[in-house]
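Residues per chain are reported as follows:
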2 protein chains.
Amino acid sequence: MKKPKAPQPKPGGPTQKGQCAKRVSILDAAAEVFCREGFAGASIDEIAMEACVSRQTVYNHYREKETLFMAVVQDILDRANAALFSILATFPDNADNLEDDLTAFAVRLNKNCVCNHDGKFIRKLVQTEGERYPHLFEIWRQQGPGKIGTAVAALFARLSHVARLDIDDFDLAAKQFLALVNADLQTNSFFGGTPTDGELEKSARAAVRTFLRAYGSPAVRGAGDIKELRQETA
Amino acid sequence: MKKPKAPQPKPGGPTQKGQCAKRVSILDAAAEVFCREGFAGASIDEIAMEACVSRQTVYNHYREKETLFMAVVQDILDRANAALFSILATFPDNADNLEDDLTAFAVRLNKNCVCNHDGKFIRKLVQTEGERYPHLFEIWRQQGPGKIGTAVAALFARLSHVARLDIDDFDLAAKQFLALVNADLQTNSFFGGTPTDGELEKSARAAVRTFLRAYGSPAVRGAGDIKELRQETA
DNA sequence: GTAAAGTTAGACACCATTGTCTAATTCGTC
DNA sequence: GACGAATTAGACAATGGTGTCTAACTTTAC
């Protein structure tokens, strides 16, 4: 007598790559285990157990360990990419309040791309296994979060047309913006736990303020000694 | 007939923890292999081979794999710490040219702490094995590069007394400074290769310029629209 | 030279893992 | 209910790792 641990999938089986429940269950479990244990430390048995699936089923869907690993990477990259573009699409066309808009943008970026499950996973996997599979570096740059820099640079170029930013080098500004946005997280929460919403918001606002002090054109520079300078002027 | 692959050490043996040649040879090799393969993927045989030492000798010096791993971590941390303090000590007391001084500081920091062998190793090891050994997070924060933030904050506090910086929150400014300094490296060279001296210098200068545009007090803010503002004032 | 300590290659037991195979079972469709 | 495809548990050989042990060898100190 066998106990069915999970509802069985529709027939059609492992040959169709699409939306089989077991398939995604395996992918998710594999991501978890690969990320926790590294490629070498992850065992297929552990993955199968965590996916509530037999080892043979894992081998039915993914010929061998390496195939499974690559599928995990591609899956996470696809999701991360989708998240990135959905976030970029929601940036308001006419940014009335640049500080608030950028802050909200930074928070969403961190929450859904950088600090979330997928973001941490893909970064850790690339760092951990990149030396063994240099291919990972390439696809990370071309398909993965490596694209965020370019995307943000394009956003800044668009924004600068409405004359609220004073930027010479958009690529550099984008890199620095992203670096500032992650400044807090790197030293504090990146290695250990997950930052709370409050921490995300707070560190994003601090980053945006500093960014705007450096790059905001005078019209939107609200804070600090610039204001005083202006008052001196009057 | 046995072939001596390496000169034999002075007697006294593995019991004295100090400066035995085999000991450091093992430590170096272990660091390399652990970092390349991860804890699970690293094999003692491989480490022994790379250290030109027999497996038994490895076990003589370090009781088991985990002992060796921890010794590697501690060794790298010690070196990284020494490097950090030596760099901090060389910062000029009366910074005449803040931009140049900070740039040189940032370059040395990256070259000798963050982007060098040890810096990459310790970061990768903590990221890779931190989940298995949460202890690593702690010592990284307390003894390792986690201290850089505090140290730089103290440096800024000292500098601000000579009235060349306009900083509210020294810790935040330090984090942001470090983030800016690494902005380029993270997106470009961190995962793949090692940045050249030219890249280091260039990205450090760009970072310092942005930092000073945000945090420099008016007296040293040389660039951009601030100057224009001042001229408006005159 | 001798003794003591360290080092070495190799054998060894033990264990975990990969990937294959088989026979039994379950599920959805007809 | 019957069929086909997927799934399952378990056995299995092969491989490679850990950590121990031994006997021989090398080096330094005395």
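Residues numbered from 1 in each chain as written. Chains lettered and ligands numbered in written order. Predicted model: local features only at pLDDT ≥ 70, side-chain atom pairs only at ≥ 80, totals over all residues. Heavy atoms only, no water.

Attention now moves to the packing of aromatic side chains. Following the criterion strictly, the structure yields 22 aromatic pairs over all chains and no others. Put simply, the rings of Phe91, Phe105, Phe156, Phe177, Phe211 and Tyr215 of chain A touch in pairs and so form one group of aromatic residues. One cation-aromatic arrangement involves Lys65 of chain B over Phe39 of chain B; the distance from NZ or CZ to the ring centre is 4.8 Å. (Phe/Tyr/Trp six-rings, centres within 6.5 Å; stacked < 30°, edge-to-face > 60°. Lys NZ or Arg CZ within 6 Å of the ring centre and 35° of its normal.)

What follows concerns the pattern of salt bridges. With the rule as written, the count across this model stands at 34 salt bridges over all chains. For the salt bridge of Asp100 of chain A with Arg205 of chain A, the shortest nitrogen-to-oxygen distance reads 3.1 Å. Placement of Asp100 of chain A in helix H5 (residues 98-114) and of Arg205 of chain A in helix H11 (residues 197-215) is noted, with a sequence separation of 105 residues between them. The class of Arg205 of chain A is partly exposed, set by a relative accessible area of 22%. The shortest N-O distance in the salt bridge between Lys175 of chain A and Asp184 of chain B comes to 3.0 Å. Of this pair, Lys175 of chain A sits in helix H9 (residues 170-181) while Asp184 of chain B sits in helix H9 (residues 170-187), each in a different chain. Within this structure, Arg36, Glu37, Glu46 and Glu50 of chain A together with Glu129 and Arg132 of chain B form a network of salt bridges that share partners. (Salt bridge = Lys/Arg side-chain N within 4 Å of Asp/Glu carboxyl O. Helix = DSSP H or I, 4+ residues; strand = E, 2+ residues; numbered from the N terminus. Buried < 20%, exposed > 50% of the residue type's maximum accessible area, 1.4 Å probe, protein only.)

With 13 residues, helix H6 (residues 117-129) of chain A extends 18 Å between its outermost C-alpha atoms, agreeing within 8% with the 18 Å of an ideal straight helix rising 1.5 Å per residue. Where burial is concerned, most of H6 of chain A is hidden: 10 out of the 13 residues are buried. Taken as a whole, H6 of chain A has its buried residues at Asp118, Gly119, Phe121, Ile122, Arg123, Lys124, Leu125, Val126, Thr128 and Glu129 of chain A. Among the structural elements, helix H1 (21-41), helix H4 (65-89), H5 and helix H7 (135-143) of chain A together with helix H6 (117-129) of chain B are those in contact with the buried residues of H6 of chain A. (Expected span 1.5 Å × (residues − 1). Contact = heavy atoms within 4.5 Å.)

Residues and elements named next belong to chain A. In this model, chain A carries an average pLDDT of 82, and 81% of its residues clear a pLDDT of 70 or more. When mean pLDDT is taken per element in chain A, helix H2 (residues 44-50) scores highest with 97 and helix H12 (residues 225-233) scores lowest with 40. Below pLDDT 50 for its whole length, residues 1-17 participates in nine contacts with residues either more than four positions away or in separate chains. Confidence drops under pLDDT 50 across residues 222-234; counting only partners more than four residues distant or on other chains, this segment forms 17 contacts. (pLDDT = per-residue confidence, 0-100.)

Turning next to the nonpolar core. Counting 72 residues, the largest nonpolar core has Phe156, Phe177 and Phe211 of chain A together with Phe156, Phe177 and Phe211 of chain B as its most contacted members. What Phe211 of chain B contacts, discounting residues up to four positions off in sequence, is Leu102, Phe156, Leu165, Ile167, Ala173, Phe177, Leu180 and Gly216 of chain B. (Core = buried A, V, L, I, M, F, W, Y, C linked by side-chain atoms within 4.5 Å.)

Here we take up unusual backbone geometry. A positive phi angle, near 55°, is found at Cys52 of chain A, a position not held by glycine. Residue position: Cys52 of chain A is located in the loop between H2 and helix H3 (55-61).

Turning next to the packing of H6 of chain A against H6 of chain B. Running from N to C, H6 of chain A and H6 of chain B point in directions that differ by 125°, and their axes come no closer than 10 Å. When the axis of H6 of chain A is compared with that of H6 of chain B, the two are oblique. For the pair H6 of chain A and H6 of chain B, the sense of crossing is left-handed. The residues of H6 of chain B that touch H6 of chain A, namely those facing Lys124, Gln127 and Thr128 of chain A, are Lys124, Gln127 and Thr128 of chain B. For the contact of H6 of chain A with H6 of chain B, the residue count by class is no nonpolar, four polar and two charged. (Axes fitted to C-alpha atoms, helices over the stretch in contact; angles between N-to-C directions. Parallel < 35°, antiparallel > 145°, perpendicular 65-115°, else oblique. Left-handed = near helix turned anticlockwise from the far one by under 90°. Nonpolar A, V, L, I, M, F, W, Y, C, P; charged D, E, K, R; others polar.)

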